[in-house]
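A look at the structure
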Amino acid sequence: MNSDISFPSHRENRFYQGMAATFVAHALQAVNFLGDRFLRQSHHALSDIEDLYRHSMDSAFSVTEAFLVTGAPHASAYYPRDFAWFYPDVLDPETIMDAQDAVRRARLLEKSVRLLLQAVRADVVTTTIVPAGRGRYLGVNYFSRPSDTLLGILAGLQQMIGADERASSYLAMSQCAHAGRLLLAEYGVDLKRAILQLASELEPFDADGTRYLLCDAGGPRSAATDTRAERRRFVTNACVYTTFVWGVQLGIVDENELKRLLGRDLAQYKRDLLRLFGKDGHIKHSLDGPAGAPVSLVALDFVSVHRGFWDMNDASERALFAATTDLIIAEPRFRIPSTFHFLVSADNPRNKMIHKIAAPAYQGRSSWPTFNVEFADRMLDFDEASGSDTYRTCAQGILKDIRTATEVHGGYQELISEQGLKYRTWAYKGAVAHSWFPRFLSVWRRAYGTPLLQWND
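Predicted model, so just to flag it, every value in this text is computed and none were measured.

Here is what the cut-offs are and how they apply
- Residues numbered from 1 in each chain as written.
- Predicted model: local features only at pLDDT ≥ 70, side-chain atom pairs only at ≥ 80, totals over all residues.
- Heavy atoms only, no water.
- Pairing = 2+ DSSP bridges.
- Helix = DSSP H or I, 4+ residues; strand = E, 2+ residues; numbered from the N terminus.
- Axes fitted to C-alpha atoms, helices over the stretch in contact; angles between N-to-C directions.
- Contact = heavy atoms within 4.5 Å.
- Buried < 20%, exposed > 50% of the residue type's maximum accessible area, 1.4 Å probe, protein only.
- Patch = residues over 30% accessible without salt bridge, like charges linked within 9 Å, V, L, I, M, F, W, Y side chains within 5 Å.
- Areas by Shrake-Rupley, 256 points an atom, 1.4 Å probe, with all protein chains shown as cover.
- Salt bridge = Lys/Arg side-chain N within 4 Å of Asp/Glu carboxyl O.
- Phe/Tyr/Trp six-rings, centres within 6.5 Å; stacked < 30°, edge-to-face > 60°.
- Disulfide = S-S within 2.5 Å.
- Polar contact = N/O pair within 3.5 Å; in protein donor to acceptor, adjacent residues only side chain to side chain.
- Expected span 1.5 Å × (residues − 1).
- Arc of directions from axis to C-beta.
- Parallel < 35°, antiparallel > 145°, perpendicular 65-115°, else oblique.
- Left-handed = near helix turned anticlockwise from the far one by under 90°.
- Nonpolar A, V, L, I, M, F, W, Y, C, P; charged D, E, K, R; others polar.

**As for the sheet that holds strand 1 (residues 14–16)**
- With mixed pairing, the three strands of this open sheet are ordered in space as 1-3-2. Two strands lie at the open edges of the sheet, namely strand 1 and strand 2 (128–131), each paired on one side alone. This sheet shows a mean twist of 30° between the axes of neighbouring strands, independent of strand direction.
- Here four bridges tie strand 2 to strand 3 (residues 136–140), and the two strands are oriented antiparallel to one another. Residue Val130 lies in a different strand from strand 3, and its bridge partner there is Leu138.
- The strands touched by helix 1 (residues 19–39) within the sheet are strand 1, strand 2 and strand 3, with strand 3 carrying the most contacts at an inclination of about 100°.
- Here helix 4 (residues 99–121) sits on the sheet and contacts strand 1, strand 2 and strand 3; the angle it forms with strand 1, its principal contact strand, is near 60°.

**Some thoughts on the pairing of strand 3**
- Of all five residues that make up strand 3, four are buried, and the element is covered over most of its length.
- Pairing geometry for strand 1 and strand 3, over three bridges, is parallel. Residue pairing in the sheet places Tyr16 in a bridge with Leu138 of strand 3.
- Hairpin geometry of strand 2 and strand 3 is characterised by an intervening segment of four residues between the two adjacent antiparallel strands and by a positive phi of about 105° at Gly133.

**Some words on a nonpolar patch on the surface**
- There is a patch of nonpolar side chains on the surface, built from Leu34, Phe38, Leu39 and Trp426 and spanning about 460 Å² of accessible area.
- Within the secondary structure, Trp426 is located in the loop between strand 9 (416–417) and helix 14 (437–448).
- Classification of Trp426 as partly exposed rests on a relative accessible area of 42%.

**Digging into the pattern of salt bridges**
- According to the stated counting rule, one finds 38 salt bridges in the structure shown.
- The shortest N-O distance in the salt bridge between Arg114 and Glu110 comes to 3.0 Å. Taken together, the residues Arg114 and Glu110, both in helix 4 and four residues apart, mark about one turn of the helix.
- Judged by relative accessible area, which is 14%, Arg114 ranks as buried.
- According to the relative accessible area criterion, Glu110 is buried, its value standing at 2%.
- One salt bridge in this structure joins Arg446 and Asp377, with 2.8 Å as the shortest N-O distance. Within this pair, whereas Arg446 is found in helix 14, its partner Asp377 is found in helix 12 (residues 369–386), the two being separated by 69 residues in sequence.
- The class of Asp377 is buried, set by a relative accessible area of 2%.
- Ionic contacts of the salt-bridge type, sharing partners, join the residues Asp89, Asp92, Arg166, Glu374, Asp377, Arg378, Asp381, Glu384, Arg439 and Arg446 into one network.

**Examining the packing of aromatic side chains**
- Summed over the entire model, instances satisfying the criterion amount to 31 aromatic pairs.
- Judged by centre distance (6.2 Å) and plane angle (70°), the ring pair of Phe67 and Phe83 falls under edge-to-face. With Phe67 in the loop between helix 2 (49–60) and helix 3 (82–85) and Phe83 in helix 3, this pair connects stretches of sequence that are 16 residues apart.
- Using a relative accessible area of 0% as the deciding quantity, one classes Phe83 as buried.

**Some points on the state of the cysteines**
- Under the defined criterion, the tally for this structure stands at zero disulfides.
- With no disulfide of its own, Cys239 lies closest to Cys215 among cysteine sulfurs, the gap being 8.3 Å.
- Using a relative accessible area of 0% as the deciding quantity, one classes Cys239 as buried.

**Overview of the environment of Ser174**
- By the element assignment, Ser174 lies in helix 6 (residues 171–200).
- Overall, the relative accessible area of 31% leaves Ser174 in the partly exposed class.
- In sequence terms Ser174 and His409 are 235 residues apart; their C-alpha atoms lie 36 Å from each other.
- For Ser174, the side chain forms a polar contact with the main-chain oxygen of Leu171, separated by 3.0 Å.

**Some words on helix 1**
- The first and last C-alpha atoms of helix 1 sit 30 Å apart over 21 residues, in line with the 30 Å expected at 1.5 Å per residue.
- For helix 1, the set of buried residues is Ala21, Ala25, Gln29 and Asp36. Buried residues in helix 1, looked at end-on, bunch into an arc of 65°, giving them a common side. Turned more than 90 degrees away from the buried face of helix 1, the exposed residues are Met19, Ala20, Phe23, Val31, Phe38 and Leu39.
- The elements touched by buried residues of helix 1 are strand 1, strand 2 and strand 3.

**Topic: the packing of helix 6 against helix 8 (residues 255–262)**
- For the pair helix 6 and helix 8, interaxial distance at closest approach is 9 Å and the crossing angle is 25°. Between helix 6 and helix 8, the interaxial angle falls into the category roughly parallel. As for how helix 6 packs across helix 8, the hand of that crossing is right-handed. Along its contact with helix 6, which presents Lys192, Ile195, Leu196, Ala199 and Ser200, the element helix 8 presents Glu257, Leu258, Leu261 and Leu262.
- The residue inventory of the contact of helix 6 with helix 8, partitioned by class, reads six nonpolar, one polar and two charged.

**Section: the environment of Arg439**
- With respect to the secondary-structure elements, Arg439 resides in helix 14.
- For the pair Arg439 and Ser366, spaced 73 residues apart in the sequence, the C-alpha separation amounts to 20 Å.
- Every residue in contact with Arg439, bar those within four places of it in the chain, is listed here: Phe86, Pro88, Asp89, His306, Val373, Glu374, Asp377 and Arg378.
- For Arg439, the side chain forms a polar contact with the side chain of Asp89, separated by 2.6 Å.
- At 2.8 Å, the side chain of Arg439 forms a polar contact with the side chain of Asp377.

So, in structure tokens, the structure goes:
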């Protein structure tokens, strides 16, 4: 059965930022967290993976949603980067249950991306957009300015435009691809302006007699673990590089325009980042941290995003990836005991006051299942590029343990504690990350060669 999809008419939205907007946004988010803390209902006591997935998809892509959200306590706000980091496979046909599910996903993705593009047009490129009444949104940066907001918006566009490239019987896929191309045409000039602005904001950083370009040489920029409040991080700069590459691939910006601003082509820009962050033979998480043992200087978010920084085409790049991966795999402090659940880091990074109260291990001694899924996917990238089976068994172990945790905890968790339990702090009662589930299924199929779940539409 095929279902037609009609995209609703779009009203004009208004976006605000500044000190007043930030104050109101913080107040609204505090209400969101308090409401989640005291009002969140326990989820269905399901244990079968297929039943859990159906429930999750019904929740994640409900027709009542105004935006694609995670299911976490902060889900009432919109995070552009999530399209790159956490849900790049929303439209993977093998993760879609039926034609109606396809329609809901396509419609919600289009609504989400259009809203973010309207924010770019209004010159509100922030980490977070908080709804503040009908057609009104507040742009706010939590802790630092973004390095991956544009990356997420481009990822959402890529997913829409490529929706009809995979074999699928769902009419919604081709219609979503058409809608994506229309959005690119409508907002391409605004995206180009924002990408060139990002390129102009890069700062010189001198090391070992060489001048590099970093997005965060002078102050922190956010990425998926943005609240670390560190400068000179690998992941933030890898996100910026990927933004430039995707902008060129989508025809939004010409590489020569970027070259004039950067003083080097994109290939050299990437080599510089690898040389700077990989000068010790592995990818150092941040150049701004104290000296220590190698394993204390790496973090799991080095895996970057799907089809992002790591393309594994070069032998020296594969060697850096393998060395960093081997450090993480071999260090017991990176792993929940007796599992393949890897924690964000071996040591807790610096914490601000809000984390000491609300989420003390959020950025360090906790496991993000989605980061683990990307870790597994990069391992498979490495094996494919090197013609080996170096990491396939480990990748399969990661996915197997995530499946087990999903069944034990009754849903795909946003975070798992250092002890392998639901992540429970005062502000988190064990959020279920509904919309991150499809990515897990996509990588499972790649790792095992067969789908975990199958449906007959």
